[in-house]
Amino acid sequence: NGEPLNFTNPIHPGTEITIYLTGLGLTSPLPPLGDVPASGVLPSVTGNVTVKLGSVNMFVTSVTLTPNQVGVYQIKATAPGKLTPGRDVALTVQAGTVTASYTVRVVSP
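What comes next concerns the included structure.

What counts, and at which threshold
Residues numbered from 1 in each chain as written. Predicted model: local features only at pLDDT ≥ 70, side-chain atom pairs only at ≥ 80, totals over all residues. Heavy atoms only, no water. Helix = DSSP H or I, 4+ residues; strand = E, 2+ residues; numbered from the N terminus. Rg over C-alpha atoms; globule rule 2.2 N^0.38 Å. Buried < 20%, exposed > 50% of the residue type's maximum accessible area, 1.4 Å probe, protein only. Contact = heavy atoms within 4.5 Å. Areas by Shrake-Rupley, 256 points an atom, 1.4 Å probe, with all protein chains shown as cover. 1 Å grid on protein atoms, 1.4 Å probe; cavity = no way out; pocket = protein on both sides within 12 Å on 5 of 7 lines; lining within 4 Å. Points joined across faces, edges and corners; volume = space filled by probe spheres on them. Nonpolar A, V, L, I, M, F, W, Y, C, P; charged D, E, K, R; others polar. Core = buried A, V, L, I, M, F, W, Y, C linked by side-chain atoms within 4.5 Å. Pairing = 2+ DSSP bridges.

To continue, consider the overall build of the protein chain. Per the secondary structure count, the protein chain includes zero helices and nine strands. Along its sequence from the N terminus, the protein chain presents helices and strands in the succession β-β-β-β-β-β-β-β-β. Scaling as 2.2 N^0.38, a compact globule of 109 residues should have a C-alpha radius of gyration of about 13 Å, and the protein chain matches this with 14 Å. Structurally, the protein chain occupies a C-alpha span of about 45 × 30 × 20 Å along its principal axes. Taking all 109 residues of the protein chain together, the buried fraction comes to 32%. Summarising the internal contacts of the protein chain: among those between residues at least 6 apart in sequence, 57% fall at separations of at least 24. Of the roughly 6,700 Å² of accessible surface on the protein chain, 55% is carried by carbon and sulfur atoms.

For the rest of this paragraph, the subject is the layout of surface pockets. Of the pockets and cavities examined, the largest pocket occupies roughly 540 Å³. Lining the largest pocket are 21 residues, with Glu3, Leu5, Ile17, Thr18 and Ile19 sitting closest to its centre. Among the elements of the structure, β1 (16-21), β8 (86-95) and β9 (98-106) are those that each provide at least two residues to the lining of the largest pocket. Ranked by the residues each element gives to the lining of the largest pocket, the list is headed by β1, at six residues. Each residue belonging to the lining of the largest pocket can be placed in one class, and the counts come to twelve nonpolar, seven polar and two charged. The computed volume of the second largest pocket comes to approximately 200 Å³. In this structure, the second largest pocket is lined by 15 residues; those nearest its centre are Pro31, Pro32, Gly34, Leu65 and Gly71.

Counting residues in each nonpolar core, the largest one holds 22 residues, and the members touching the most others are Leu53 and Ile75. Apart from the residues within four sequence positions on either side, Leu53 is in contact with Ile11, Met58, Ala79, Leu83, Val89, Ala90, Leu91, Val104 and Val106.

A cis geometry characterises the amide bond from Ser28 onward to Pro29, with omega recorded as -5°. Mapped onto the secondary structure, Pro29 falls in the loop between β2 (27-28) and β3 (44-45). One non-glycine residue, Asn68, lies in positive phi territory at about 65°. Topologically, Asn68 is positioned in the loop between β6 (59-65) and β7 (73-78). Classification of Asn68 by relative accessible area gives exposed; the value is 55%.

What follows is about the sheet that holds β8. In space, the four strands of this open sheet follow the order β5-β4-β8-β9, with antiparallel pairing throughout. Of all the strands in the sheet, just β5 (56-57) and β9 have a single pairing partner and so form its edges. Both strand β4 (residues 49-53) and β5 contribute to a ladder of two bridges, which runs antiparallel. Paired with Leu53 across the two strands is Val56, which belongs to β5.

Geometry only, nothing functional implied.
Right, dumping it as structure tokens:
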């Protein structure tokens, strides 16, 4: 729904989310230093990036630079169709040897 994840806006099975972050490294093509990517075809991250919800892998559809932002990346990922509900489930992004985690609420019908 385009709103930030929080207790009243949890992740549901099959939900696509967008994660904004920095520090994912090189992209292809490599934009000029300080250049702002326009919308359209965005430079993709060349390294391996995974997203987990608890212990379950999410389906990562894209890892690109964010349009009209300098140095901001976006990951688009979809939650699996079957989830274990919880109030404090770790949403974890791993890029190379670096891992970052955020706690989210997960609901399942």
